[in-house]
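Here is what each chain is made of, one letter per residue.
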Amino acid sequence: MDETALKKLKDWPDRMCQGTDLELWFGPSDDVPRELRETKSEEVFRIRTAKAVCAGCPIKVECLESELTQGIYNQHGVRGGKTANERQQLIRDRRDQVVAERIGEVA
Ligand code: SF4
């Protein structure tokens, strides 16, 4: 996705995460005291909630694609209905698919 398309995506007025608390998408800041950090069950609930918001977002597909162009090491939080780990796996799967197709072309 080119820079213009990315800017358009960020300015998209219909995105469901517009105006929501960033903590929903990225979790509590690393600066918070240990006793205020989220528990595993709180994290699971937060991620499920974020994904539910994404599920109703009209630009979910475009959002996910734009995140995947950011590279494997630039994935943070829930975006496009997927966690950072899930997007990293998607990037690896696509990369593996490209390699497999190239090997197939040579063979
Ligand atoms: S898919 Fe989710 S993270 Fe992406 S713009 Fe929509 S609500 Fe925001």
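Conventions adopted
- Residues numbered from 1 in each chain as written.
- Predicted model: local features only at pLDDT ≥ 70, side-chain atom pairs only at ≥ 80, totals over all residues.
- UniProt positions renumbered as here; feature names shortened; annotations may be inferred.
- Helix = DSSP H or I, 4+ residues; strand = E, 2+ residues; numbered from the N terminus.
- Buried ≥ 20, exposed ≤ 12 C-beta atoms within 10 Å, placed from the backbone.
- Contact = placed C-beta atoms within 7 Å.
- Near = placed C-beta within 6 Å.
- Nonpolar A, V, L, I, M, F, W, Y, C, P; charged D, E, K, R; others polar.

- Where an unreviewed UniProt entry is consulted, the chain appears under the name WhiB family redox-sensing transcriptional regulator, with the organism given as Saccharothrix ecbatanensis.
- The heading Sequence similarities (unreviewed entry) in the UniProt record of the chain holds the text "Belongs to the WhiB family."
- Annotation of the chain in UniProt includes, under Cofactor (unreviewed entry), the sentence "[4Fe-4S] cluster".

### A closer look at the overall build of the chain
Consideration 1: Regarding its fold elements, the chain presents five helices and zero strands.
Consideration 2: In sequence order, the secondary structure elements of the chain are arranged as α-α-α-α-α.
Consideration 3: Relative to its 107 residues, the chain shows a buried fraction of 9%.
Consideration 4: A separation threshold of at least 6 residues defines the contact pool for the chain, and within that pool the share at least 24 residues apart is 51%.

### Points about the site of the ligand
Consideration 1: Close to the ligand lie Arg 15, Met 16, Cys 17, Val 53, Cys 54, Cys 57, Ile 59, Lys 60, Cys 63, Arg 79, Gly 80 and Gly 81.
Consideration 2: Broken down by secondary-structure element, the contributors of at least two residues to the shell around the ligand are helix 3 (40-55) and helix 4 (60-68).
Consideration 3: Across the shell around the ligand, the residue classes break down as seven nonpolar, two polar and three charged.

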